[in-house]
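Overview (structure and organization)
These are the residues of each chain, in order.
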There are 2 protein chains.
Amino acid sequence: MEKQTTSSLEIHPLDQLTVEECKLAVSLLRDEHKGKTLHIKSVQAQEPPKKIMTKWLDAYHAGSPIAPPPRVAYCVYYILDDRHAEELWLNLENRKVVQRRSFENGTHPPMDQPESDKIEELVLNEPAVLEALKKCGVDGIQDVAPDGWMYGCDSNEPLPRLVMFLMYMRDPKTHHPESNIYAFPLPFVPVYDVLENKLVRIDWCATGGDGDDVNEINYNSGNPEKSIVDNMRAGEYYHELRPDLPLREDLKPYNVVQPEGPSFSIEGTRVRWQKWDLRVGFNPREGLVLHDVRYDGRQTFYRLSVSEMTVPYGDPRPPLHRKQAFDLGDIGAGYAANSLALGCDCLGTIKYFDGNLVHCDGSVEARKNVVCMHEQDEGILYKHTNYRTNVARVARRRILVLQTILTVANYEYIFAWHLDQAANIELEIRATGIVSTQYIDPGKKSKWGTIVSPSVLASSHQHLFSMRIDPAIDGHKNTVAVCDSVLDPLDAINPHGTGFYNKHTYVEKSSALDADQSVNRFIKIINENKINPITMDPVGFKLSAYPSALIMAREGSIARNRAQFAKHHFWITKHTDDEFFGGGVWTNQSSVERGGVQDAIDRKEDVRNEDIVLWHSFGLTHHPRIEDFPVMPLEKITVGLHPYGFFTENPAMDVPPSNQQFNRSVEVMKTRCCNKM
Amino acid sequence: MEKQTTSSLEIHPLDQLTVEECKLAVSLLRDEHKGKTLHIKSVQAQEPPKKIMTKWLDAYHAGSPIAPPPRVAYCVYYILDDRHAEELWLNLENRKVVQRRSFENGTHPPMDQPESDKIEELVLNEPAVLEALKKCGVDGIQDVAPDGWMYGCDSNEPLPRLVMFLMYMRDPKTHHPESNIYAFPLPFVPVYDVLENKLVRIDWCATGGDGDDVNEINYNSGNPEKSIVDNMRAGEYYHELRPDLPLREDLKPYNVVQPEGPSFSIEGTRVRWQKWDLRVGFNPREGLVLHDVRYDGRQTFYRLSVSEMTVPYGDPRPPLHRKQAFDLGDIGAGYAANSLALGCDCLGTIKYFDGNLVHCDGSVEARKNVVCMHEQDEGILYKHTNYRTNVARVARRRILVLQTILTVANYEYIFAWHLDQAANIELEIRATGIVSTQYIDPGKKSKWGTIVSPSVLASSHQHLFSMRIDPAIDGHKNTVAVCDSVLDPLDAINPHGTGFYNKHTYVEKSSALDADQSVNRFIKIINENKINPITMDPVGFKLSAYPSALIMAREGSIARNRAQFAKHHFWITKHTDDEFFGGGVWTNQSSVERGGVQDAIDRKEDVRNEDIVLWHSFGLTHHPRIEDFPVMPLEKITVGLHPYGFFTENPAMDVPPSNQQFNRSVEVMKTRCCNKM
């Protein structure tokens with residue numbers, strides 16, 4: 001393979017590895033481990049140190065580019081022969097090893113799909129599993145679908161690399177490959193040692209309801225002749241399997257037409273749209289990342305990402321208390337990213353970005369359409385009617401949507417960044433897909449969940465996200481201010497008790513904070529070195545947080561220790577290179593969060609007027625509705641970043657006012673309906 | 001005028017008064033007050049008692065309609081000769097007075113625009129006002145624009161009918177009628193007695209900043225030669241007045257095309273769309289109201305409305321501490337409704353509804369387009385990818401939007417009800433328009449607000465809404481359950497401390513409750529008489545609340561007493577006919593909320609399995625950004641109502657899966673951009 005010297009002139013230092021770079025990295029990695037069998041977990045571009053990047057970016061934006069830092073591939077892999085995991089950093093230009101690090105005992109790299117698929121097959125051939133299936137009245141494995149799950153740790157002792165299997169079945173009446181397996185959960189969990197390729201044990205799940213013993217396990221609902229599968233029934237979302245449910249015929253087409261094309265321009269991974277200028281990044285762990293986000297030539301955010309998500313379940317009955325996924329750290333948003341389809345996932349005029357992924361065998365996939373980008377009309381941006389003249393001025397809100405969709409076994413997440421013309425950025429998360437289910441005996445109910453289909457319980461759970469905001473508000477020295485609405489004292493100035501104001505408290509040391517809606521608390525990121533000439537206050541952006549419930553698991557529990565980030569809504573830390581993951585570096589089978597936000601604040605660093613990172617933890621506490629089955633209509637979370645004293649007026653004042661000539665709406669004909677109102 | 005007997009067959013009993021009915025009512029009202037000069041405040045249809053309506057609706061939906069209740073006009077007006085206000089109910093069929101009621105002493109009907117306009121002229125001719133203008137260095141009234149404001153009460157004593165004027169100016173350099181007057185606030189407030197047509201006094205506003213005395217009033221910024229107007233500068237939102245700001249030229253057209261027309265059908269005020277069936281109502285006080293909302297033939301909500309909004313300001317310095325508007329009770333959302341314009345306020349295929357309004361002189365206006373209705377693509381409704389086969393199933397979310405836009409002097413509110421195909425209802429509120437401003441001396445800052453333009457302070461304030469939800473979840477006997485996520489005790493069943501569940505507490509007596517995000521609190525409205533056959537729980541809907549800060553004004557303050565509804569997030573009351581307004585019946589100059597939610601809960605009625613009303617109070621606490629000037633980009637609030645155990649599966653499973661043939665998206669040509677990523 002030839003050295004990729006020329007390409008580095010075209011590749012931006014924040015770009016993902018090209019397919020060629022991935023191949024080179026794999027080849028160098030293999031050279032480094034000749035004669036060994038490797039199981040590659042991920043290969044990705046190592047982000048250059050921020051100090052180097054900021055200098056590079058300054059030169060780049062000034063139009064006098066300097067030499068880029070070398071391209072470095074970061075590899076995570078098992079040396080299977082040694083049952084040993086390693087990280088390796090490779091300089092792709094001089095082809096030298098930069099650094100090599102072994103995983104600590106008890107620390108496990110993420111799962112991957114081929115790994116799970118391989119043992120899924122092995123599990124189905126285990127006699128003990130066949131025996132367990134028989135106990136449930138299931139004869140043969142034709143329809144059985146074991147979902148490999150991360151083994152949510154409940155012990156502080158180092159454990160071997162384990163995968164647990166949640167057992168499901170396709171509808172035995174149809175055997176259809178698209179049958180919804182989550183309508184047929186089976187009450188046992190094989191636990192498998194991945195590196196030793198051996199079944200460790202089978203855990204049986206309680207099948208009783210409220211008041212029943214946790215040891216209440218009915219293999220056959222008390223009737224040895226009966227299969228428990230007979231207690232369940234199909235719950236299909238695949239329309240071809242729903243002869244009972246004709247599709248609606250009264251939904252008329254709705255097309256978005258952009259006769260002159262989209263308003264954005266693209267150069268490599270650089271996107272320019274409505275004064276925004278940003279870099280679309282992608283990596284195996286976080287998936288979509290926004291880099292070097294600027295508005296009208298001014299820096300706003302150096303890097304924006306979803307850094308982690310944990311999904312702990314609320315049913316404490318073993319073994320399902322171990323259901324606690326870290327969907328980014330345990331799996332990877334990049335690996336979980338869907339190939340998006342025109343007209344399905346995205347409406348309008350779409351630009352797609354592909355993602356380069358290295359698989360366990362070293363093969364490189366340029367996955368199509370992992371990110372889609374398009375514009376959307378989002379209603380009214382602003383309006384005012386002068387009541388004296390009745391003259392109105394209205395501008396419509398156009399947004400630029402950057403969307404990626406993850407599938408993590410049963411669940412789907414839609415992450416979308418929205419940019420608008422008033423310099424607002426929003427992260428919109430939609431949770432959809434299929435709720436995780438378990439078997440429950442007929443006629444029983446459980447406080448830990450909702451019966452979503454006969455004998456199928458969907459238990460309560462949380463989706464707790466860590467959003468990582470690396471700000472660059474007119475530069476890298478920023479400060480976080482906590483803003484609370486505070487009542488004035490009752491005194492001569494405030495005799496009627498109506499006075500209140502917005503009190504600012506600056507965060508001096510790295511620390512964690514909670515939301516407080518009672519005082520309308522919000523977080524501002526400001527640059528104290530840059531004063532707005534009109535407001536006379538520092539320029540800044542406001543975080544419109546999502547003030548949700550935090551992690552439920554008890555203080556001191558392993559479930560909580562693993563996800564310290566989910567204990568508080570806001571974490572303010574000093575920037576450190578490679579500190580990207582709110583929930584820690586290695587989450588799979590972790591017993592405590594390491595290298596996450598808790599460790600970062602424990603450094604007790606100065607964060608006032610420093611290069612800082614703001615992390616926002618938020619989520620959904622989901623007590624499933626039956627309406628979430630067989631597939632869940634979206635639940636939506638929106639977090640916003642809004643300029644606050646950054647400009648000297650509404651930055652969207654130059655958006656052309658809306659008019660019919662431009663927007664071409666259509667009035668429903670009066671003849672088509674009476675119009676009595 | 002002929003009796004309108006035939007029309008009642010076509011008019012739905014929940015419809016607004018027709019133009020003819022309005023005219024008849026005015027004529028009957030005049031007959032009742034021969035020889036007197038009336039100033040009409042409002043004339044609207046009196047909603048029939050619920051007992052009668054439910055019977056009528058049952059028969060109507062069963063296809064065997066019974067005789068409708070008589071049409072009754074409800075009139076509010078002044079008898080100017082007597083300085084006396086009255087309410088009158090008129091049966092439009094037998095033309096008889098049903099009831100007549102005098103306003104209590106100290107109770108005032110709402111303001112109206114002609115009333116304010118009339119005295120605006122008078123104020124401008126008051127010598128004392130001209131003198132005050134001169135003190136400010138303003139010579140003549142050519143550019144002066146006094147905004148008539150409700151006199152936010154600070155006394156428990158009955159007061160005459162007062163209007164206060166916030167004084168502003170058009171840009172004296174352009175005199176343009178569309179000049180933004182809020183960029184030129186003047187520091188005095190004339191107070192006017194409306195019924196006596198006399199200036200009561202002129203209040204001067206503090207012009208100092210933090211640390212200055214409240215009596216610090218600089219008429220001329222210390223320079224008798226100088227006009228304070230010179231300290232300010234134009235802040236125009238009307239683009240023709242912004243030669244400094246060329247419009248963006250890179251925004252490409254974005255058209256919504258529905259080649260087969262919209263998916264809704266309309267019959268009078270009845271709308272049917274995607275299994276929804278509802279009645280679009282309109283009245284002078286609440287504006288848009290949804291009636292008799294059904295999904296797939298089942299009752300969900302009897303009536304949905306925004307019942308009140310109060311806007312208290314945080315600067316306690318007199319006289320501006322009196323800025324506390326009740327935008328519905330003091331003005332009326334119907335009277336404030338904009339005539340919406342195609343291609344500006346609404347995009348796509350639009351159906352408009354008109355609103356009939358009676359003005360103070362008895363003239364009847366059929367205001368065009370006060371409500372617009374259209375469909376919108378709202379992204380993905382649900383998606384699941386089967387990771388074993390890589391087959392995805394995705395449905396897009398189509399919503400039906402019913403939108404109305406209010407202008408209340410400087411501010412705009414956009415109220416939009418969104419219905420979707422999964423039986424969700426959302427109320428989306430956008431706040432836009434222009435922030436209320438006041439003068440501040442050059443170089444000063446104030447903790448009570450933000451300098452948004454030189455010498456212009458936009459003070460902190462709140463927008464506190466009362467959403468009224470009259471549920472009919474499969475019938476009128478409903479119960480409110482408070483759902484909190486509760487930790488299990490650490491015991492043998494929960495040894496790892498991970499257990500939690502959704503605890504339901506039924507509300508037995510009319511009462512108020514607060515949001516509590518720490519326990520993920522949500523409110524369910526259930527029908528205990530109807531058990532879901534799968535979940536075995538009562539059918540219900542969930543309220544996804546907006547858990548915002550409540551009213552800041554101190555306990556015991558008049559500002560707080562006037563807006564008891566804003567003290568708590570949730571109010572559960574027993575339904576009582578004509579109890580429509582969360583903030584009380586007469587808010588203008590009120591010193592305490594009367595007939596609102598506090599009075600309703602004080603009745604301490606049984607609300608379990610009864611005909612109940614749920615009121616949700618929420619809002620924005622707005623510390624203005626300079627980016628909110630000269631016109632504010634939207635701030636958005638969304639409140640949702642979601643089926644929860646109402647169906648036996650996701651009700652949108654019959655929505656056709658999305659495909660390119662139907663949606664006709666366009667991929668950006670690879671040739672138009674490099675596609676390196």
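None of these values were measured; they are calculated from a predicted model.

Calculation criteria
Residues numbered from 1 in each chain as written. Chains lettered and ligands numbered in written order. Predicted model: local features only at pLDDT ≥ 70, side-chain atom pairs only at ≥ 80, totals over all residues. Heavy atoms only, no water. Least-squares fit on C-alpha atoms with pLDDT ≥ 70 in both. Contact = heavy atoms within 4.5 Å. Buried area = accessible area lost by both parts, 1.4 Å probe. Salt bridge = Lys/Arg side-chain N within 4 Å of Asp/Glu carboxyl O. Polar contact = N/O pair within 3.5 Å; in protein donor to acceptor, adjacent residues only side chain to side chain. Nonpolar A, V, L, I, M, F, W, Y, C, P; charged D, E, K, R; others polar. Pairing = 2+ DSSP bridges. Helix = DSSP H or I, 4+ residues; strand = E, 2+ residues; numbered from the N terminus. Domains from an automatic or database assignment. Phe/Tyr/Trp six-rings, centres within 6.5 Å; stacked < 30°, edge-to-face > 60°. Buried < 20%, exposed > 50% of the residue type's maximum accessible area, 1.4 Å probe, protein only. Lys NZ or Arg CZ within 6 Å of the ring centre and 35° of its normal.

Examining the relation of the copies chain A and chain B
Least-squares fitting of chain A to chain B yields an RMSD of 0.0 Å, with the superposition described by an axial translation of 0.0 Å and a rotation of 180°. A rotation of that kind, with that shift, is consistent with a two-fold axis. No C-alpha of chain A lies nearer the rotation axis than that of V256 of chain A, which sits 2.4 Å from it. A shared binding surface is used by both copies, with 100% of the interface residues of chain A retained as interface residues in chain B.

Points about the interface of chain A and chain B
Between chain A and chain B, the residue contacts involve 200 residues of the former and 200 residues of the latter. Carbon and sulfur atoms supply 55% of the area buried between chain A and chain B, which totals about 17800 Å² over both sides. Across the contact surface, chain A and chain B share 20 salt bridges. Here R388 of chain B makes a salt bridge to D147 of chain A, at a shortest N to O gap of 2.8 Å. Inspection of the chain A/chain B interface yields 125 residue pairs in polar contact (both at pLDDT 80 or more). For the side of chain A that touches chain B, the residue count by class is 88 nonpolar, 63 polar and 49 charged. Bridge count between strand β9 (residues 255-257) of chain A and strand β9 (residues 255-257) of chain B: 3 bridges; the pairing is antiparallel. Across the sheet, residue V257 of chain A finds its bridge partner in β9 of chain B, namely N255 of chain B.

So, the domain arrangement of chain A
Residue and element names in this part refer to chain A. Here the domain parsing of chain A yields domain 1 (7-102), domain 2 (113-241) and domain 3 (265-313 + 324-435 + 460-660). If you average the C-alpha positions of domain 1 and of domain 3, the two centres end up 27 Å apart. Between domain 1 and domain 3, the contact holds 30 residues from the first and 32 residues from the second. Interface area for domain 1 against domain 3, summed over the two sides, is near 2600 Å², with a carbon-plus-sulfur share of 52%. Interface area lost by domain 1 to domain 3 is led by Q16, E47 and K50, which between them contribute 28%. Summed over the shared surface of domain 1 and domain 3, the result is 3 salt bridges. Among the salt bridges present, the one from E47 reaches R303, with a minimum N-O distance of 2.7 Å. Contributing elements (two or more residues each) for the side of domain 1 that touches domain 3: α2 (19-32), β1 (38-45), α3 (50-61) and β2 (72-79). Taken together, the residues of the side of domain 1 that touches domain 3 sort by class into 14 nonpolar, 9 polar and 7 charged.

Let's talk about the pattern of salt bridges
Counting across every chain of the model gives 110 salt bridges over all chains. The salt bridge involving E528 of chain A is made with R608 of chain A; its shortest N-O contact spans 2.7 Å. Of this pair, E528 of chain A sits in strand β28 (residues 522-531) while R608 of chain A sits in the loop between α8 (597-602) and β31 (612-622); the two residues are 80 residues apart in sequence, bridging distant segments of the chain. The network of salt bridges with shared partners includes E378, R397, D420 and E426 of chain A together with E428, R430 and K636 of chain B.

Examining the packing of aromatic side chains
Scanning all chains against the criterion turns up 38 aromatic pairs over all chains. Taken together, a centroid distance of 4.5 Å and an interplanar angle of 40° make the contact between F103 of chain A and W586 of chain A tilted. One end of the pair, F103 of chain A, is in the loop between β4 (96-102) and α4 (113-124); the other, W586 of chain A, is in the loop between β30 (570-574) and α8, with 483 residues separating them in the sequence. The class of W586 of chain A is buried, set by a relative accessible area of 16%. Seen from their ring centres, F541 of chain A and F646 of chain A are 5.2 Å apart, and the 65° between their planes marks the pair as edge-to-face. Taken together, the residues F541 of chain A in strand β29 (residues 538-544) and F646 of chain A in the loop between β32 (632-643) and α9 (660-663) connect sequence positions 105 residues apart. For the pair F541 of chain A and F646 of chain A, one class covers both residues: buried. Each residue in the set W276, Y295, F301, F541, F646 and F647 of chain A is aromatic and connected to the rest through ring pairs, giving one cluster. It is R285 of chain A that lies over the ring of F581 of chain A; its NZ or CZ is 3.7 Å from the centre. Sitting over the face of the ring of F647 of chain B, R298 of chain B holds its NZ or CZ atom 5.5 Å from the ring centroid.

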